[in-house]
Amino acid sequence: MATKNEFTSNKSEEPKKNQAKKKTEKSGKKYSGKAALNRLEEKVDLTKVRRITGIVFLVISIYTFLACLSYFSTWQADQDKVINKGLFEFLFSDSGTEVSNWLGKFGAWISHLLIYRWFGVASFSFVLVFFVIGVYLLFRFKLLPINKVLAQSILGTVWISIFLGFFSYKIEYLGGSFGFYVNDWLATAVGKFGAFVFIAALFFVFLYILFEPNFHQLMVILGIGKKTNHAEDEIPNDDVTGNSMTDIKIVNEIKDEEIEEDEISETISFEEEDEHTTNDSELIIETPERELEEQFLEEDENSEEVESDDDFQIEVADEKDEELDEDEINKKIEEFGEYDPTLDLSSYRLPPIDLLVDHGDNKISVNKEELEKNKDSIVQTLSNYKIEISQIKATVGPTVTLYEIVPAPGVRISKIKNLEDDIALSLAALGIRIIAPIPGKGTVGIEVPNAKPDVVSMKSLIKSEKFQNSDYELPIVLGKTISNETWIYDLAKMPHLLIAGATGQGKSVGLNAILVSILYKKHPSQVKFVMVDPKKVELTLYNKIERHFLAKLPGEEEPIITDTSKVVATLNSLCIEMDTRYEMLKNAQCRNIKEYNKKFISRRLNPENGNRYLPYIVVVVDEFADLIMTAGKEVEHPIARLAQLARAIGIHLIIATQRPSVNVITGTIKANFPARIAFRVMQSIDSRTILDSTGADQLIGRGDMLVSTGNDMTRIQCGFVDTPEVEAICDFIGEQRAYPDALLLPEYVDEGAEQDLDFDPSERDSMFEEAARMVVTHQQGSASLLQRKLKLGYNRAGRLIDQLEAAGIVGPSKGSKARDVLISDEMALDEFFRNERESNNF
């Protein structure tokens with residue numbers, strides 16, 4: 001389905017390609033999941049299983065239909081034999097019992113269950129559902145849309161049972177026991193007439209849910225409403241309107257989210273006009289694309305007749321050779337379906353919420369006496385300094401209460417800010433923080449810790465609707481704000497995170513909360529972690545998910561990196577991975593990992609050319625200060641490179657330290673970490689080092705933190721997740737089927753280390769000459785070139801580059817840049833090989 005963004009970014013493409021793209025994406029939706037079936041068919045004959053299942057469904061539907069049909073003539077004879085009897089008791093114990101139902105004892109029992117005990121006549125909907133599914137499984141033919149049949153059958157069964165139950169007190173089987181008892185309760189609760197009104201209202205609710213009827217059009221047909229005039233000849237070309245919101249969505253296929261945003265921006269000024277008037281903003285947005293499309297169609301059909309303008313020329317760029325044409329893409333998607341990265345671990349299950357523990361009741365306790373006392377103290381303290389206020393309001397959070405005051409006209413804000421210590425003294429509370437003024441509001445905020453702070457449980461955060469329904473790439477849920485709202489953010493948009501605070505104030509719990517958030521949302525194929533833990537005790541719990549979620553260097557036994565020298569090698573390896581990914585994005589003409597993966601999933605990129613699905617990589621570094629002390633610039637340099645460049649290719653850094661000094665959190669690091677979390681620190685200078693402002697020194701500890709995401713600063717109570725909970729989550733993941741090994745990062749060889757480049761020509765790789773010709777032809781000496789063109793692994797490509805350097809074909813390493821090629825063309829290379837062979841023979 002073409003979106004508005006695709007129309008905008010492809011204005012120079014031909015309309016026929018746009019139409020082919022729509023077909024491609026629609027067919028991708030149609031065959032989504034077919035790749036999984038094709039893979040299973042290699043082991044199991046799914047066609048036979050499907051047909052057998054279809055036959056079973058059809059037999060059940062026909063048998064049930066005949067049994068229920070027989071019920072209407074035989075129920076009086078069979079009811080006393082079937083009532084209050086279980087299935088096995090009725091079939092096997094009462095061997096001498098005879099029934100009148102056409103289909104015997106089981107037919108009598110199942111029809112009694114469906115019609116008498118359940119939903120009455122409405123139970124025939126079960127027959128319809130089983131029949132439609134059976135026909136589809138057996139013949140691959142859809143009598144009716146299965147999803148709609150299921151939804152309409154469920155809601156229709158409930159309403160028909162209640163409706164018939166209202167009119168059939170003497171014949172119970174019309175509405176079944178369900179309809180009978182619902183009507184009996186309604187008659188007792190709201191009376192007979194009230195029950196009828198409720199049933200009628202329920203009918204319109206179900207009607208709207210299932211069909212979303214146009215009530216305005218219905219009123220027009222009945223002559224009640226006013227018909228809206230949409231004649232095209234009465235509307236200027238610049239102000240084209242459609243018939244309804246639905247028409248716009250069908251014609252231009254805009255996403256619902258975009259329509260809602262456009263409505264918000266325009267509805268304000270037209271709120272009091274006719275409520276049925278179509279929103280002009282949506283049409284104005286879509287009109288240029290439609291006009292542009294028509295313009296290109298005319299130019300394409302009459303290209304010989306259009307006169308060229310010497311000053312203005314339109315050139316449509318050709319697609320890269322790497323991209324397949326639309327017919328090939330459609331054919332591949334129809335044959336294999338879209339690429340699904342989760343198929344390698346298709347049986348993987350996300351951790352259940354029951355593994356987490358409720359710490360506290362997750363309800364804020366409001367002590368009115370405490371609030372009144374604090375309010376009076378604040379007002380009294382301000383009045384002592386002749387500061388008058390016109391209004392005060394309290395917002396109670398889990399650990400802190402925010403008192404918002406509106407100063408009287410003429411009061412200087414700086415006077416209130418300077419009274420921070422005096423207010424703290426009058427309240428006898430720790431951690432008073434004054435926000436003067438509150439951003440976006442005309443008030444001054446005074447944050448006062450609660451006498452009995454509540455614990456925010458991680459379980460309540462994971463269960464929240466906001467987190468469960470989030471569509472973020474890397475969603476992290478940290479805690480709750482002062483207004484008791486769940487705070488959730490996308491790590492992919494941060495894009496890197498700096499965490500700092502004094503010892504014992506909640507950094508480790510905060511790291512666990514971030515990791516648990518991602519584990520509860522993502523499949524192992526979608527994200528990998530690189531964990532650095534100099535203390536060797538904080539992150540060891542995650543060893544159990546090594547083959548699911550972790551990444552490491554080749555040949556390493558421990559997935560959690562604790563040795564400083566290996567940290568340097570790992571960070572430099574990530575820089576190599578970053579450069580490789582950027583090369584892949586460049587060849588695929590994509591700006592970021594999201595666009596690249598979308599192209600790869602829709603089979604627009606060929607894996608034989610070195611393309612692969614790219615998982616996000618989250619690098620977690622605990623105790624960053626210790627690394628700076630032991631490795632210094634060797635660590636800071638790759639960290640800075642990754643922080644500056646790695647966002648677009650899906651590598652994100654989370655760095656934690658307990659010593660927020662300027663030699664640890666340097667200016668280079670701070671400039672590339674706009675998202676920062678500050679737990680409680682001892683001095684205001686430490687707060688300025690982390691957040692560039694004071695406030696972290698006024699926190700109360702135990703997970704109380706300030707989160708800065710650029711311009712905004714939010715006070716949050718971190719969700720508490722205990723070590724046994726993390727261990728249970730890792731055990732649950734570790735017990736499931738996993739990949740053969742952790743994700744292996746590119747091998748890194750230290751440039752400063754002494755290397756033996758004296759290779760024996762007899763020990764050269766079998767592809768040495770082919771690699772040499774490839775390098776000379778492209779005049780680019782890099783391992784990534786050999787990987788792509790010769791389809792080699794990184795290690796073998798690296799050895800070939802070293803052999804080429806020893807032979808004098810390429811120059812020494814230049815860091816992340818390609819090596820110089822010392823031989824100009826293939827003729828010179830042939831001369832080089834001829835001279836070498838002659839010297840060896842001599």
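On a predicted model such as this, the values are computed, not experimentally measured, just so you know.

Draft legend 1. Quick look at a nonpolar patch on the surface. A surface patch of nonpolar side chains, amounting to about 1,100 Å² of accessible area, comprises Ile 62, Phe 65, Leu 66, Leu 69, Phe 72, Trp 102, Leu 128, Phe 131, Phe 139, Phe 141, Leu 143 and Leu 144. Taken together, the elements giving at least two residues each to the nonpolar patch come down to α4 (46-82) and α7 (124-139). If you tally residues by element for the nonpolar patch, the top one is α4, at five residues. Note on placement: Phe 65 falls in helix α4.

Draft legend 2. Highlighting the pairing of strand β11 (residues 651-657). In terms of burial, β11 is a largely internal element, seven of the seven residues being buried. Across the two faces of β11 the burial is the same, with Ile 651, Leu 653, Ile 655 and Thr 657 and His 652, Ile 654 and Ala 656 all buried. Examined bridge by bridge, strand β7 (residues 497-500) and β11 share four bridges and lie parallel to one another. In the sheet register, Leu 497 faces β11, and the bridge partner there is Ile 654.

Draft legend 3. Structural context of the packing of aromatic side chains. If you walk through the whole model with that rule in mind, you get 22 aromatic pairs. Ring geometry for Phe 203 versus Phe 204: centroids 5.5 Å apart, planes at 75°, classification edge-to-face. Phe 203 gets classed as partly exposed once you look at its relative accessible area, which sits at 34%. These aromatic residues form a ring-pair network of at least three members: Phe 65, Tyr 71, Phe 72 and Phe 124. Over the ring of Phe 467 we find Lys 521, and its NZ or CZ is 5.7 Å from the ring centre.

Draft legend 4. Up close: the nonpolar core. Residues Leu 491, Leu 497, Ile 499, Phe 529, Tyr 542, Phe 624 and Ile 654 are the most contacted members of the largest nonpolar core, which totals 108 residues. Top element by residues in this core is helix α22 (residues 564-588). It accounts for ten residues. Leave out the neighbours within four places in its chain, and Phe 624 touches Val 635, Ile 639, Ile 655, Ala 656, Thr 657, Val 664 and Ile 669. Met 774, Leu 790, Ile 809 and Phe 833 belong to the second largest nonpolar core, which has 23 residues in total.

Draft legend 5. How the structure looks around the side chain of Glu 447. As for its placement among the helices and strands, Glu 447 is situated in strand β4 (residues 444-449). A polar contact of 2.5 Å, which involves the side chain of Glu 447, links it to the side chain of Arg 715.

Draft legend 6. The sheet that holds β7, seen in detail. Spatially, β6-β5-β14-β13-β12-β7-β11-β10-β8 is the arrangement adopted by the nine strands of the open sheet, whose pairing is mixed. Of all the strands in the sheet, just β6 (486-490) and β8 (527-532) have a single pairing partner and so form its edges. Taking each pair of neighbouring strands and ignoring which way they run, the sheet shows an average axis angle of 30°. Two elements, β8 and strand β10 (residues 616-621), share six bridges in a ladder whose sense is parallel. For Val 527, the partnering residue across the bridge sits in β10 and is Tyr 616.

Draft legend 7. The arrangement of the pattern of salt bridges in detail. Scanning the entire structure with this criterion turns up 30 salt bridges. Note that Glu 577 and Arg 612 form a salt bridge whose closest N and O atoms lie 3.1 Å from each other. In this pair, Glu 577 sits in helix α22 while Arg 612 sits in the loop between α23 (593-601) and β10, placing the two residues 35 residues apart along the sequence. The exposure class of Glu 577 is buried, given its relative accessible area of 7%. We note a salt bridge from Asp 692 to Lys 670, for which the minimum N-O separation is 2.8 Å. Residue Asp 692 is found in the loop between α27 (684-691) and β13 (704-709), and its partner Lys 670 is found in helix α26 (residues 667-671); the two are separated by 22 residues along the sequence. Residues joined by salt bridges that share partners form a network here, namely Arg 433, Glu 447, Asp 704 and Arg 715.

Draft legend 8. How the structure looks around the packing of helix α29 (residues 768-778) against helix α31 (residues 794-807). It is at 10 Å that the axes of α29 and α31 come closest, and there the two elements cross at 80°. Taken together, α29 and α31 sit at an angle that is classed as roughly perpendicular. Across from Phe 768, Ala 771, Ala 772 and Val 775 in α29, the residues of α31 making contact are Leu 800, Gln 803, Leu 804 and Ala 807. Split by residue class, the contact of α29 with α31 holds seven nonpolar, one polar and no charged.

Draft legend 9. Broad picture of the sheet that holds β4. The sheet built from four strands is open, its strands ordered β1-β2-β4-β3 with antiparallel pairing. Each edge of the sheet is formed by a strand with only one pairing partner; in this case those strands are β1 (389-396) and β3 (433-435). Ignoring strand direction, the axes of neighbouring strands in this sheet form an average angle of 20°. Sheet topology places strand β2 (residues 400-407) next to β4; six bridges connect them, and they run antiparallel.

Conventions and cut-offs
Residues numbered from 1 in each chain as written. Predicted model: local features only at pLDDT ≥ 70, side-chain atom pairs only at ≥ 80, totals over all residues. Heavy atoms only, no water. Patch = residues over 30% accessible without salt bridge, like charges linked within 9 Å, V, L, I, M, F, W, Y side chains within 5 Å. Areas by Shrake-Rupley, 256 points an atom, 1.4 Å probe, with all protein chains shown as cover. Salt bridge = Lys/Arg side-chain N within 4 Å of Asp/Glu carboxyl O. Helix = DSSP H or I, 4+ residues; strand = E, 2+ residues; numbered from the N terminus. Buried < 20%, exposed > 50% of the residue type's maximum accessible area, 1.4 Å probe, protein only. Pairing = 2+ DSSP bridges. Phe/Tyr/Trp six-rings, centres within 6.5 Å; stacked < 30°, edge-to-face > 60°. Lys NZ or Arg CZ within 6 Å of the ring centre and 35° of its normal. Core = buried A, V, L, I, M, F, W, Y, C linked by side-chain atoms within 4.5 Å. Contact = heavy atoms within 4.5 Å. Polar contact = N/O pair within 3.5 Å; in protein donor to acceptor, adjacent residues only side chain to side chain. Axes fitted to C-alpha atoms, helices over the stretch in contact; angles between N-to-C directions. Parallel < 35°, antiparallel > 145°, perpendicular 65-115°, else oblique. Nonpolar A, V, L, I, M, F, W, Y, C, P; charged D, E, K, R; others polar.

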